[in-house]
2 protein chains.
Amino acid sequence: MNVAALVAYDGTAFAGFQRQSPDKGPTVQGAIEQAIQRIAGVATTIEGAGRTDSGVHASGQVISFQTSARLTPPDWQRALNALLPREIAVRAARAVDDGFRARHSALARGYRYRVLCDATRDPLRERYAWRVSHWLDVPVMREAARSLLGEHDFAAFGSSPHDRRDDGFRGPTVRTLLIAECDQRITCASPPAAEPAVDPVGEAVEVEFRFTANAFLSGMVRRLVGTLALVGAGKLTVAHFQAILAARDKAHPGAAAPACGLCLTHVAYPPGSITW
Amino acid sequence: MNVAALVAYDGTAFAGFQRQSPDKGPTVQGAIEQAIQRIAGVATTIEGAGRTDSGVHASGQVISFQTSARLTPPDWQRALNALLPREIAVRAARAVDDGFRARHSALARGYRYRVLCDATRDPLRERYAWRVSHWLDVPVMREAARSLLGEHDFAAFGSSPHDRRDDGFRGPTVRTLLIAECDQRITCASPPAAEPAVDPVGEAVEVEFRFTANAFLSGMVRRLVGTLALVGAGKLTVAHFQAILAARDKAHPGAAAPACGLCLTHVAYPPGSITW
């Protein structure tokens with residue numbers, strides 16, 4: 001049976017998704033493959049839709065693997081959740097066509113990136129957000145982010161695993177961005193509380209970026225956010241940001257934003273191939 | 001100088017706020033006192049407004065301590081944040097009147113408790129919420145919670161550190177609840193996103209309780225939430241919940257909800273004594 005599973009993880013303690021030599025630390029792929037081996041009795045290799053970096057989280061990673069074990073998909077979900085460390089959970093499991101591959105069948109990946117604007121450390125929020133000490137201008141970051149929509153050569157914001165190959169008239173760093181959004185994140189009660197929640201030092205602003213593309217270059221979302229944060233802080237204009245994109249040159253002032261703010265939220269497949 | 005500080009912490013790895021013998025694990029008080037001693041050069045005891053249990057978080061804990069070190073409150077904040085582990089942060093520091101005591105001057109404490117209704121483990125949300133596998137009826141829990149408002153003997157939901165003493169005609173387990181709310185927690189973007197965030201397995205419902213009282217009995221919020229969750233699951237009626245309160249007897253089906261969902265959010269002091 002070919003099994004696909006929707007997987008969530010807190011990436012804080014992992015050296016990324018992809019299995020590596022054990023001295024580099026535990027990986028999400030390694031932990032899942034170990035659990036599958038305990039269940040099925042044989043070593044099994046999984047494929048993941050997104051190769052998230054060290055420290056990056058996922059709420060909607062997709063994996064697939066072939067198995068001859070006689071378990072139904074709900075059995076796989078229960079058995080894996082019983083064995084996996086608490087930082088990793090299988091949110092759903094499905095039997096899929098033999099041709100389905102979590103990575104190679106994927107049409108698009110979606111990531112979110114959270115930024116917390118707060119002058120002071122905040123232990124309850126910094127696990128899943130990049131804290132910056134200054135205010136960020138959300139509308140101007142949104143304008144800059146939207147100028148990324150469509151097909152572009154993103155060489156300024158990342159490198160391709162196939163950099164040495166030539167794909168013909170498209171450069172190997174060309175990707176198509178389908179969603180590029182930036183919003184202030186607001187949490188409210190339903191119905192609105194009569195007594196507003198008290199925050200003694202004022203509400204810190206949380207900013208959320210969302211990007212969906214056919215595929216991303218290595219480090220691309222974090223480099224985009226790092227550079228957009230310069231736009232939001234007034235250190236780069238939108239026109240300058242667009243010129244950086246057009247120049248296709250990594251020599252620009254934007255640095256990669258830290259891993260903790262990034263989360264792989266969804267992966268899209270051809271209609272009919274999988275529903276959760 | 002008498003210094004008061006607003007403190008936030010991720011309580012996951014701590015054996016509670018209050019200093020204990022070292023074999024019971026690290027405490028928030030112990031970590032802060034150690035940092036103060038490194039700064040001031042002398043052992044210093046702090047007082048905390050709320051004695052949060054092992055695993056309980058705080059976004060608005062208040063501490064106070066006397067010091068002869070010649071540091072301004074902003075210096076104290078910077079120095080402590082440089083030395084404290086990343087799970088603890090000083091959000092603000094103020095010089096206060098000599099008579100101010102974080103615990104004994106406090107008029108009221110506010111806690112929130114988050115519950116995640118989700119049939120499947122969710123590593124990115126379970127650090128700060130109690131996950132239950134079933135749906136909870138928010139309006140009926142709100143109705144039951146509001147019946148707690150005002151002065152009651154909460155013996156059914158906790159014990160007093162002074163249980164052996166008699167305060168006269170009021171029992172030692174009498175407390176006054178000022179806020180008792182229950183809402184569904186909703187996170188939205190501002191402005192509303194054109195593309196809604198995709199959650200492939202459907203949005204899990206997050207429920208937030210908020211309680212403010214002059215003081216709480218030991219374990220009271222967690223016992224209240226554990227019992228209110230039975231009301232929300234249809235296993236207790238609101239009338240039964242009210243009868244449990246009136247009976248002042250801990251022999252009832254509600255168990256204490258786990259520590260991870262609880263957070264001390266604010267402490268109130270007499271007007272003019274402190275502002276953050």
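Residues numbered from 1 in each chain as written. Chains lettered and ligands numbered in written order. Predicted model: local features only at pLDDT ≥ 70, side-chain atom pairs only at ≥ 80, totals over all residues. Heavy atoms only, no water.

A.B. asks: Tell me what's going on with unusual backbone geometry, and back it up with residues and numbers.
C.D. replies: Excluding glycine, a negative phi dihedral is what most residues carry, and trans is how most peptide bonds are arranged. Residues and elements named next belong to chain A. Backbone geometry at arginine 248 places phi at a positive 50 degrees, although glycine is not the residue there. Checked against the element boundaries, arginine 248 lands in the loop between helix H5 (238–247) and strand E10 (262–268). We classify arginine 248 as exposed; its relative accessible area is 51%. (Helix = DSSP H or I, 4+ residues; strand = E, 2+ residues; numbered from the N terminus. Buried < 20%, exposed > 50% of the residue type's maximum accessible area, 1.4 Å probe, protein only.)

A.B. asks: An account of helix H2 (residues 73–83) of chain A is needed here, citing residue identities and associated values.
C.D. replies: All names here are of chain A. Within the sequence span of H2, burial applies to Pro73, Trp76, Gln77, Leu80 and Asn81. For H2, the angular spread of buried residues about the axis comes to 120 degrees, placing them on one side. Facing away from the buried side of H2 by over 90 degrees, the exposed positions are Arg78 and Ala82. Buried residues belonging to H2 abut strand E1 (2–9), helix H1 (28–40), strand E3 (57–66) and strand E4 (88–96). (Arc of directions from axis to C-beta. Contact = heavy atoms within 4.5 Å.)

A.B. asks: Explain the interface of chain B and chain A to me, and be specific about the residues and the numbers.
C.D. replies: Contacts between the two partners involve 49 residues from chain B and, on the opposite side, 49 residues from chain A. Per-residue buried area on chain B facing chain A is highest for Arg91, Arg121 and Leu124 of chain B; these three make up 20% of the total on that side. Here chain B and chain A share four salt bridges between them. For arginine 91 of chain B, the salt bridge goes to aspartate 118 of chain A, with nearest N and O atoms at 2.9 Å. Our enumeration of links across chain B and chain A arrives at twelve residue pairs in polar contact (both at pLDDT 80 or more). At the level of secondary structure, the elements contributing two or more residues to the side of chain B that touches chain A comprise strand E1 (2–9), strand E3 (57–66), helix H2 (73–83), strand E4 (88–96), strand E8 (174–190) and strand E10 (262–268) of chain B. (Buried area = accessible area lost by both parts, 1.4 Å probe. Salt bridge = Lys/Arg side-chain N within 4 Å of Asp/Glu carboxyl O. Polar contact = N/O pair within 3.5 Å; in protein donor to acceptor, adjacent residues only side chain to side chain.)

A.B. asks: Please set out the relation of the copies chain B and chain A residue by residue, giving values where relevant.
C.D. replies: Screw-axis analysis of chain B against chain A gives a translation of 0.0 Å along the axis, an RMSD of 0.0 Å, and a rotation angle of 180 degrees. Between the two chains, the operation in question is that of a two-fold axis. Judged by C-alpha distance, threonine 187 of chain B is the residue of chain B that lies nearest the rotation axis, at 2.1 Å. Of the residues that chain B buries at the interface, 100% are likewise interface residues in chain A, meaning the two copies contact each other through the same surface. (Least-squares fit on C-alpha atoms with pLDDT ≥ 70 in both.)

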